[in-house]
Amino acid sequence: MFHVKQSSPHILLINPWITDFAAYNFWIRPLGLLYIASLLRENGFQITLIDCLGFQIKTKRYGDGKFFKTKIEKPSLLKSIPKNYSQYGIPEEMLLKRLSNIEEPDLICVSSGMTYWYLGVFKLIEIIRRFFKKASIILGGIYAILCYEHAVKYSGANIVFNGGSELDVLKLISELTNTDIQKLHFNDSAISHKPSAISNDLFPAFDLYPNLDYVCITTSRGCPFHCTYCASPFLTKGFFRRDPLKVVGEIEYWTNRFQVNNIAFYDDALLIEPSTHFIPIMKEVIKRGIYCNFHTPNAIHIREIDEEVADLLFRGGFKTIRLGFESSNKDTQIETGGKVDNQEFRQAIKHLKRAGYSGEEIGVYIMIGLPGQRVGEVEESIAFVKESGAKPMLVEYSPIPHTPLFEKAKKMSQFDLENEPLFHNNSILPCQWDGFTVADFKRLKEELRR
Ligand code: SF4
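Asks: Got a minute to help me understand the overall build of the protein chain in this structure?
Replies: If you tally the helices and strands in the protein chain, you get 15 helices and 18 strands. Its C-alpha atoms give the protein chain a radius of gyration of 22 Å, near enough to 22 Å, the size a compact globule of 450 residues would have. Projected onto its principal axes, the C-alpha coordinates of the protein chain cover approximately 65 × 55 × 40 Å. Across the 450 residues of the protein chain, 57% fall into the buried class.

Shown next as structure tokens:
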């Protein structure tokens, strides 16, 4: 928690708990909220940040680790699922203590993540409403955008932010706090006026965290592909990239000034057109002698991994490589967007291995439980990845509103995906059917563990 006392409006920014059957901290940070914090601070607002997920019990070598978790009652709609349900992040008593120690805010911003985590968001809003009766609450983030009507109806927030840039949030906050926008210091080069565009010079306010085991960075926003299961094209209209040298400047800032050893890239499309983006970034990182472990939890595009890119990934310090392959089935590849084919995949693995990675270090995401997908397709994909010399990693499909595949998922699913975001949870295998059952899923997972 961080708080600078000044006479300008005081904005409380909170990242809520995760409520789910399982959660692991793969370098999770509320990047959007941290950009907003930075922009507000830049413009003279007082800010307090509380990240409910910034409470980790066990940190591994690269900064990832287990969240603290509190077992909670399972939502009645999910009672039939034979797994425990937990609230991940800061213990409730500790949160209450923090809230009781801060000055009454003028406005509160709450972020949100996956659609099916909304119970943690609602609980948080209920708690802060009890503490701070006067302040309006703005709810933003992924759930708020993807399930806007649901959030308006049930969240308890005064305003649900339906998407836009950080500058749009700043304008909204300025209006709501009756702060004369003319008196604000606008750094026009710091933030683009284009909707969903990305800041070049303004860094997210990671310095508000007491310990920085890792930071996250984004060099771009959006993705030029339109995979049918992915919300990226809906969440970000267009594809925006930062100046490569500014990106390196940010990496250097965190590594030099804060001794950060681990940086996770949050890009959806880090490697697209590498000659004008990724390659100059990594060449400069190497040239400046920046040492850091880099991670790509969001997966990188396989098609772009040629000899040079693979070499820069390895020499640049990328330790966690995740490839978005999804399926070796040609029909599925084409129907879902055509981002990669099997030949490109084999080539990429070859380049990565030549560069120095072992097969065990190359994690390949395989999507399971797509609407109508047969278990045999997944088995074939696992065998194909193994045979190519990499490590298959199963990712359960989560139906996401506003994606093309959501319509098919609604027809196939036994759950009411349209009206209940809890059923988007990939842990319940929302599109299970006779051709792909929960038992199939467990067996595949078990086999991969061996
Ligand atoms: S390539 Fe990746 S980020 Fe882009 S639309 Fe497809 S799944 Fe989404």
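Asks: I would appreciate a short explanation of helix 15 (residues 438–449) in the present structure.
Replies: Residue pairs spaced three or four apart in an α-helix point in one direction, given the helix's 3.6 residues per turn. Between its terminal C-alpha atoms helix 15 stretches 17 Å, which fits the 16 Å expected from 12 residues at 1.5 Å a residue. Every buried residue of helix 15 is listed here: Asp-440, Phe-441 and Leu-444. Angularly, the buried residues of helix 15 cover 100° about the axis, an arc narrow enough to put them on a single face. Within helix 15, the exposed residues directed more than 90 degrees away from the buried face are Ala-439, Lys-442 and Arg-449. Taken together, the buried residues of helix 15 touch strand 17 (362–368), helix 13 (375–387) and strand 18 (391–396).

Asks: Any chance you could explain the site of the ligand here in plain terms?
Replies: Around the ligand, the surrounding shell consists of Cys-223, Phe-225, Cys-227, Tyr-229, Cys-230, Asp-268, His-301 and Lys-339. Within the shell around the ligand, the residues separate by chemical class into five nonpolar, one polar and two charged.

Asks: Mind showing me how you'd approach the packing of aromatic side chains here?
Replies: Two measures describe an aromatic ring pair: the distance that separates the ring centres and the angle between the ring planes. Inspection of the entire model under this criterion finds 24 aromatic pairs. Each ring, one from Phe-26 and one from Trp-27, has its centre 6.2 Å from the other, and the planes form 50°; the classification is tilted. Summarising the aromatic geometry, the rings of Trp-254 and Phe-258 are spaced 5.3 Å apart at their centres and angled 45° between planes, so their arrangement reads as tilted. Here Phe-258 falls in the partly exposed class, since its relative accessible area comes to 26%. Through a chain of ring-to-ring contacts, three or more aromatic side chains come together here, namely Phe-203, Phe-206, Tyr-209, Tyr-253, Trp-254 and Phe-258. Positioned above the aromatic ring of Phe-234 is the side chain of Lys-237, whose terminal nitrogen or guanidinium carbon lies 4.2 Å from the ring centre.

Asks: Please clarify how the sheet that holds strand 11 (residues 215–217) should be interpreted in this entry.
Replies: The strands making up a sheet associate through backbone hydrogen bonding, with each pair oriented either parallel or antiparallel. The sheet built from six strands is open, its strands ordered 11-14-15-16-17-18 with parallel pairing. Only two strands of the sheet have a single partner each, and these edge strands are strand 11 and strand 18. Strand-to-strand twist in this sheet, taken as the mean axis angle between neighbours without regard to direction, amounts to 30°. Pairing of strand 14 (residues 262–265) with strand 15 (residues 293–295) involves three bridges; the strand directions are parallel.

Asks: Would you take a moment to explain the pairing of strand 3 (residues 46–51) for this structure?
Replies: As a general feature of sheets, a regular strand has side chains that alternate between the two faces. By the criterion of burial, strand 3 is predominantly enclosed, with six of the six residues buried. Alternating residues of strand 3 divide into Gln-46, Thr-48 and Ile-50 and Ile-47, Leu-49 and Asp-51, and every residue in both groups is buried. Here six bridges tie strand 1 (residues 10–15) to strand 3, and the two strands are oriented parallel to one another. Along strand 3, the bridge assignment pairs His-10 with Gln-46.

Asks: What should I look at first to understand the packing of helix 1 (residues 31–42) against helix 6 (residues 166–176) in this one?
Replies: Relative placement of two packed helices is described by the angle separating their axes and the distance separating the axes. Two elements in contact, helix 1 and helix 6, have axes whose closest approach is 10 Å; the angle formed by their N-to-C orientations is 55°. As judged from the angle between their axes, helix 1 and helix 6 are oblique. In terms of crossing hand, the pair formed by helix 1 and helix 6 is right-handed. Along its contact with helix 1, which presents Tyr-35, Ile-36, Leu-39 and Leu-40, the element helix 6 presents Glu-166, Leu-167, Val-169, Leu-170 and Ile-173.

Asks: When you look at the sheet that holds strand 3 in this model, what are you seeing that I'm missing?
Replies: Across the sheet, five strands lie side by side as 3-1-8-9-10; this open sheet has parallel pairing. Looking along the sheet, the strands with just one partner apiece sit at the ends: strand 3 and strand 10 (159–160).

Reading guide: rules and limits
Residues numbered from 1 in each chain as written. Predicted model: local features only at pLDDT ≥ 70, side-chain atom pairs only at ≥ 80, totals over all residues. Heavy atoms only, no water. Helix = DSSP H or I, 4+ residues; strand = E, 2+ residues; numbered from the N terminus. Rg over C-alpha atoms; globule rule 2.2 N^0.38 Å. Buried < 20%, exposed > 50% of the residue type's maximum accessible area, 1.4 Å probe, protein only. Expected span 1.5 Å × (residues − 1). Arc of directions from axis to C-beta. Contact = heavy atoms within 4.5 Å. Near = heavy atom within 4 Å. Nonpolar A, V, L, I, M, F, W, Y, C, P; charged D, E, K, R; others polar. Phe/Tyr/Trp six-rings, centres within 6.5 Å; stacked < 30°, edge-to-face > 60°. Lys NZ or Arg CZ within 6 Å of the ring centre and 35° of its normal. Pairing = 2+ DSSP bridges. Axes fitted to C-alpha atoms, helices over the stretch in contact; angles between N-to-C directions. Parallel < 35°, antiparallel > 145°, perpendicular 65-115°, else oblique. Left-handed = near helix turned anticlockwise from the far one by under 90°.

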